[in-house]
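Fold and geometry: a report
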Amino acid sequence: MDLDELVDVYWQDIAPKRYRDGFDEDRDVPTYDWLTEHGYSGIAYALREHHDLTPKQFFVDVIGLEDEESDEWEWNVDHDATVNALEAYLTSIETRGGRAESTVETHRTRLAKWVRTYRELHGTDALLEPLSELDQQPREIERCLAVLDVFDEELSTDRSKLEYLHVARAWYAFVKRRKYAQYNPLSEAGEEFGWEASDPDPQALSASQVRRIYSEVDSPEAELLVVGLAGWGLRPSEVAALHVDQVVLDAEDPHLSFGDGERKNGPGEVTLLYGVDVVADRVDALSGRENWNGYLFPSRSSSTGHVSVSTVRRRFKQLADRAEVVVDGDTPTPKMGRRFWYSAYQEAVGEVLEGLEGVAEDQGSSSTEVVLRNYLSREQERNARRRRMYEKLEAAFDR
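What you see is a predicted model; the values in this text were computed from it and never measured. Within each chain, residues carry numbers counting from 1 in the order of the written sequence. Local features in this predicted model are restricted to residues whose pLDDT is 70 or higher, and side-chain atom pairs enter the listing and the counts only when it is 80 or higher, whereas totals over whole chains, interfaces and linings include all residues. Processing note: side-chain calculations cover all non-hydrogen atoms of the structure and skip hydrogens and water entirely.

Side note on the overall build of the protein chain
Keep this limit in mind: Only DSSP runs of H or I with at least four residues qualify as helices, and only runs of E with at least two residues qualify as strands; both kinds are numbered from the N terminus onward. For the exposure calls, accessible area comes from a 1.4 Å probe over protein chains only, and a residue counts as buried if that area is under 20% of its type's maximum, exposed if over 50%, partly exposed in between. The contact criterion used throughout is that any non-hydrogen atoms of two residues lie within 4.5 Å. The method behind every accessible area is Shrake-Rupley, applied with a 1.4 Å probe, and residues are considered shielded solely by the protein chains displayed.
Each helix and strand in the protein chain was counted, giving 17 helices and 3 strands. Per-residue burial over the protein chain gives 47% buried out of 399 residues. In the protein chain, of all internal contacts separated by at least 6 residues, the share reaching a separation of at least 24 is 65%. Element-wise, carbon and sulfur atoms account for 43% of the exposed surface of the protein chain, whose accessible area totals about 20,400 Å².

This is the structure in structure tokens:
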């Protein structure tokens, strides 16, 4: 998950449990023991490995919970008028709007990201200044659309993108009502993007459902499609555009390589814990074709040279229909296969940590996370995690 998805996990899943346990979910930072007890032990690892953050930094600096040493939220904005307008908006939706404190804090977090991204793009956090003159409206609309372009790249779901747009647009509408601004630069911004509010976060397929779908594959192409989605955790667009140049079949570390601009997460690698033979066989078969363009799902009729995302969706749904797999009354989508991978990976990380509980007790360590960090090398940690994940993938793809 990216940081924004982890923020959603906090407010939608963790915060209600904190409240039921008697904590102030808007202020109190969860301890590692509490997270472990409630099934969130993997979050510390994810934050450290993928976002270079400690849990405390995440809960205080990203979520906006209150550090015991600080009772005041820091916007890190140099323009006093903008800070005052941000605080006035939050006060208004809480006192006059009757919003819950958790909702107010969600708005605060999203506005902070809006201001931070605006400053990174345009070199200023004085958001109110260009709103005072109508002749600046066209240019300011472009500035704000540039911020949304960043969100379009960074956030993984339309729902998340629309939620950020909604909060930012509501703040601009507030400052316009209060006569701090002459216009709202986001009033029609939703028309610029094809974001759909009906795109909820997909559920994860279970291992048994993946196994049933996989049992219906009738070609090497279909086999690679299912493995790419549920076995490697790729997005449907990434599966459609897979190219032989991305495939690195190193005996010690087989992986897919993504360059700059090829993935929302940025450049990086996807380890092939399972299905190396599937992609190797596919490359060998296509290499014998005349005029092969290098794509693993080539298409002569497409201008891109590879199949479309809609083709990936259609083929996956056809397999699911044949397997008679249904989720909430509907045929599952490719995203549900991708979610299976992430769900299995989270379970694998949690099981590795659980396996260290005895070591932590014997060493008098405060948590399994300490043992993971201090007593195991990165290579040992990675191998343990990969073994657990391979076992889960093997169970799901066993025909």
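Regarding the side chain of histidine 107
For histidine 107, the location among the structural elements is in helix α6 (residues 101-122). In contact with histidine 107, other than residues within four places in its own chain, are Tyr89, Leu90, Ile93, Arg99 and Val167.

Let's talk about the side chain of glutamate 140
As a reminder, the rule being used: Counted as a polar contact is a pair of N or O atoms within 3.5 Å, where, for protein atoms, one must be capable of donating a hydrogen and the other of accepting one, and residues adjacent in sequence contribute only when both atoms are in side chains.
Along the chain, the position of glutamate 140 falls in helix α7 (residues 137-154). Given a relative accessible area of 0%, glutamate 140 falls into the buried group. At 2.8 Å, the side chain of glutamate 140 forms a polar contact with the side chain of tyrosine 118. When neighbours within four sequence positions are excluded, glutamate 140 is seen to be in contact with Tyr118, Pro130, Leu131, Tyr172, Tyr183 and Pro185.

Here's the deal with the packing of aromatic side chains
Condition: When the centres of two rings from Phe, Tyr and Trp lie within 6.5 Å, Trp using its six-membered ring, the rings pair. Their planes under 30 degrees apart give stacked, over 60 give edge-to-face, and anything left gives tilted. Whether a charge sits over a ring depends on NZ of Lys or CZ of Arg being within 6 Å of the ring centre and within 35 degrees of the ring normal.
For the structure on display, the rule yields 13 aromatic pairs. Seen in terms of ring centroids, tryptophan 114 and phenylalanine 151 are 5.9 Å apart; in terms of plane orientation they differ by 70°. Their pairing is edge-to-face. Here tryptophan 114 is found in helix α6, whereas its partner phenylalanine 151 is found in helix α7, with 37 residues between them in sequence. With centroids separated by 4.9 Å and ring planes inclined at 65°, the aromatic side chains of tryptophan 171 and tyrosine 172 adopt a geometry described as edge-to-face. Residue tryptophan 171 shares its accessibility class with tyrosine 172, and that shared class is buried. Over the ring of tyrosine 164 we find arginine 110; its NZ or CZ atom is 5.4 Å from the centre of that ring. Positioned above the aromatic ring of phenylalanine 297, the side-chain terminus of arginine 282 is 6.0 Å from the ring centre.

A few points about the packing of helix α1 (residues 3-20) against helix α3 (residues 42-51)
Heads up, the rule is: An axis is simply a line fitted to the C-alpha atoms; with a helix, the fit covers only the stretch in contact. Between two such axes, the angle follows the N-to-C directions and lies from 0 to 180 degrees. These descriptions rest on fixed angle ranges, namely under 35 degrees for roughly parallel, over 145 for roughly antiparallel, 65 to 115 for roughly perpendicular, and the rest for oblique. Each crossing is labelled by how the near helix is turned from the far one, with a counterclockwise turn of less than a right angle marking it left-handed and a clockwise turn marking it right-handed. Polar here means any residue other than Ala, Val, Leu, Ile, Met, Phe, Trp, Tyr, Cys and Pro, which are nonpolar, and Asp, Glu, Lys and Arg, which are charged; Gly is therefore polar.
The geometry of α1 relative to α3 is characterised by a closest axis approach of 12 Å and an angle of 165° between their N-to-C directions. When the interaxial angle is binned, α1 and α3 end up roughly antiparallel. In this structure, α1 meets α3 at a crossing whose hand is left-handed. Between α1 and α3, the contacting residues are Leu3, Leu6 and Ile14 on the first element and Ile43, Leu47 and His51 on the second. Each residue belonging to the contact of α1 with α3 can be placed in one class, and the counts come to 5 nonpolar, 1 polar and no charged.

Considering helix α12 (residues 276-287)
Residues lying three or four places apart along an α-helix face the same way, a consequence of the helix completing one turn every 3.6 residues. Stated formally: For a helix, the expected span equals 1.5 Å multiplied by the residue count minus one.
Compared with an ideal rise of 1.5 Å per residue, which puts 12 residues at 16 Å, α12 spans 16 Å between its outermost C-alpha atoms and is within 8% of the ideal. Considered for burial, the residues of α12 that qualify are Val278, Val279, Ala280, Arg282, Val283 and Leu286. In the core, the buried residues of α12 are packed alongside α9 (207-214), α10 (220-231) and β1 (247-248).

Things to note about a negative patch on the surface
Rule in force here: Residues form patches when they are more than 30% accessible in relative terms and have no salt bridge. Like charges link within 9 Å. Nonpolar side chains (Val, Leu, Ile, Met, Phe, Trp, Tyr) link within 5 Å. The salt bridge criterion pairs a side-chain nitrogen of Lys or Arg with a carboxyl oxygen of Asp or Glu, the two atoms within 4 Å. Counting rule applied: Lys, Arg positive; Asp, Glu negative; His and chain ends not counted. Every charge is mapped onto a representative atom, which is NZ of Lys, CZ of Arg, CG of Asp or CD of Glu.
There is a patch of like negative charges on the surface, built from Glu142, Asp149, Glu153, Glu188, Glu191 and Glu192. Inspection of the secondary structure assignment puts glutamate 188 in the loop between α8 (158-177) and α9. On the basis of relative accessible area, glutamate 188 is assigned to the exposed category, the value being 62%.

Comments concerning the pattern of salt bridges
All chains considered together, the criterion is met by 12 salt bridges. A salt bridge links aspartate 218 to arginine 322, with the nearest nitrogen and oxygen atoms 3.3 Å apart. Here aspartate 218 is found in the loop between α9 and α10, whereas its partner arginine 322 is found in helix α13 (residues 309-323), with 104 residues between them in sequence. Judged by its relative accessible area of 59%, aspartate 218 falls in the exposed class.

So, helix α4 (residues 55-63)
Where α4 is concerned, the buried positions are Phe58, Phe59, Val60, Val62 and Ile63. With its phi angle positive at about 100°, glycine 64 sits one or two positions after the end of α4.

Some details on the sheet that holds β1
In a beta sheet, neighbouring strands pair by backbone hydrogen bonds and run either parallel or antiparallel. Put simply, the rule is: When DSSP finds two or more bridges between a pair of strands, those strands are recorded as paired.
Across the sheet, 3 strands lie side by side as β1-β2-β3; this open sheet has antiparallel pairing. Among the strands making up the open sheet, the edge pair consists of β1 and β3 (268-271). The pairing of strand β2 (residues 255-258) with β3 spans 4 bridges and is classified as antiparallel. Note that in β3 the partner of phenylalanine 258 across the bridge is glycine 268.

Thoughts on the packing of α1 against α8
Between α1 and α8, the least distance of the axes is 11 Å, while the angle of their chain directions is 80°. Judged on the interaxial angle alone, α8 and α1 are roughly perpendicular. Two secondary-structure elements touch here, α1 through Asp4, Asp8 and Gln12 and α8 through Arg159, Ser160, Glu163 and Tyr164.

Let's talk about the nonpolar core
Basically, it comes down to this: Only buried residues count toward a nonpolar core. Its members are Ala, Val, Leu, Ile, Met, Phe, Trp, Tyr and Cys residues joined through side-chain atoms within 4.5 Å.
The biggest cluster of nonpolar side chains holds 50 residues, and the ones touching the most others in it are Leu205, Ile213, Trp232, Leu256, Leu296 and Phe397. Elements represented by at least two residues in this core include exactly α9, α10, α11 (236-240), β2, α12, α13, α14 (334-354) and α17 (378-396). Here leucine 256 is in contact with Trp232, Leu234, Leu242, Gln246, Val247, Gly268, Glu269, Val270 and Leu272, once residues within four sequence places are set aside. Listed in part, the 37 residues of the second largest apolar core include Val83, Tyr89, Val147 and Tyr164.

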